[in-house]
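# Residue-level structural notes
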Amino acid sequence: MDSEKEYDPSLEFDAFTAGVEDGGIRSSSTIAIIVCYIVCNIEENITAKNIVDALVEGKLANYFEVTNAISKMIKKGNITEDENGCLGATPKCRFSVEIVENDLPLSVREKSVELVRKLAALEVNKKENKVSIEPYGDKYKITLHVSDVDSDFMTLSLYVPTQAQAEVIKNKFVLNPAAVYEGLINSIFDNEE
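Keep in mind the model is a prediction, meaning the values are calculated, not measured. (Residues numbered from 1 in each chain as written. Predicted model: local features only at pLDDT ≥ 70, side-chain atom pairs only at ≥ 80, totals over all residues. Heavy atoms only, no water.)

### Some remarks on the layout of surface pockets
Computed from the structure, the second largest pocket encloses a volume of approximately 170 Å³. For the lining of the second largest pocket, a count of residues per class yields four nonpolar, four polar and three charged. (1 Å grid on protein atoms, 1.4 Å probe; cavity = no way out; pocket = protein on both sides within 12 Å on 5 of 7 lines; lining within 4 Å. Points joined across faces, edges and corners; volume = space filled by probe spheres on them. Nonpolar A, V, L, I, M, F, W, Y, C, P; charged D, E, K, R; others polar.)

The structure is reproduced here in structure tokens:
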């Protein structure tokens with residue numbers, strides 16, 4: 001037995017793992033590193049909630065561990081949080097990521113960044129493009145608003161037989177309202193003779 005083996009902190013599984021799938025992050029220090037990695041590698045405005053939701057929904061890390069890691073990274077000065085709740089990387093965070101970035105599995109790095117980007121975009125879409133669902137006789141009226149700054153440049157109302165169908169339309173719309181707008185405009189102008 002080789003007693004001279006070097007200690008590898010990445011093998012220390014000290015994090016809560018409830019809700020974490022195989023291949024997920026099981027070390028508190030690695031969770032802190034992935035938080036810094038995400039903040040350093042996403043140009044969009046992201047919040048702590050975006051990171052927590054992404055890592056939990058992606059089953060990469062436990063909710064409490066991610067929340068704790070973000071809090072610690074802010075207290076230690078690795079990341080900043082502005083008055084709007086948006087996170088930013090400090091030079092200390094960027095330096096740490098440069099040193100240990102390759103110790104994080106590529107699949108975890110890519111998946112975490114992609115999930116955070118997707119959730120951040122969804123949050124922006126929900127804020128900027130409103131959807132209302134209201135009963136209309138024995139049907140439901142769903143109204144989609146595609147907005148630009150402070151006004152709508154398209155409002156579309158649809159009538160569907162069930163509230164469940166209205167919810168499906170709402171969820172699809174907020175995923176990519178620009179695609180809905182573009183598709184409608186293209187279908188109007190592609191039919192010119």
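### Things to note about the pairing of strand β4 (residues 139-148)
Taken together, the six bridges between strand β3 (residues 131-136) and β4 define a ladder with antiparallel strand orientation. Looking at the pairing, E134 lines up with K141 of β4. Taking the residues between adjacent antiparallel strands as the criterion, β3 and β4 are bridged by two residues, where G137 takes a positive phi near 65°. In the sheet, β4 pairs with strand β5 (residues 151-160) via nine bridges, with the strands oriented antiparallel. Opposite S147, over in β5, you have D152 as the bridge partner. (Pairing = 2+ DSSP bridges. Helix = DSSP H or I, 4+ residues; strand = E, 2+ residues; numbered from the N terminus.)

### Notes on the side chain of R109
Turning to its location among the elements, R109 is positioned in helix α5 (residues 106-128). Residue R109 is classed as buried on the basis of its relative accessible area of 10%. With near-sequence residues (within four places) excluded, R109 lies in contact with I34, Y37, E101, N102 and L104. (Buried < 20%, exposed > 50% of the residue type's maximum accessible area, 1.4 Å probe, protein only. Contact = heavy atoms within 4.5 Å.)

### Remarks on the packing of helix α1 (residues 28-41) against α5
At a minimum axis separation of 10 Å, α1 and α5 run at an interaxial angle of 60°. Comparing their axes, α5 and α1 come out oblique. Here α1 runs over α5; the crossing is right-handed. Residues I34, Y37, I38 and N41 of α1 touch α5, and the partners they reach there are V108, R109, S112, V113, V116 and R117. Here the contact of α1 with α5 is built from residues that sort into six nonpolar, two polar and two charged. (Axes fitted to C-alpha atoms, helices over the stretch in contact; angles between N-to-C directions. Parallel < 35°, antiparallel > 145°, perpendicular 65-115°, else oblique. Left-handed = near helix turned anticlockwise from the far one by under 90°.)

### A look at the packing of α1 against helix α4 (residues 91-100)
With their axes 9 Å apart at the nearest point, α1 and α4 run at an angle of 110° to one another. Between α1 and α4, the crossing angle belongs to the class labelled roughly perpendicular. The element α1 and its partner α4 pack so that their crossing is left-handed. Counting all contacts with α1, which are made through I33, C36, Y37 and C40, the residues of α4 involved are C93, R94, V97 and V100.

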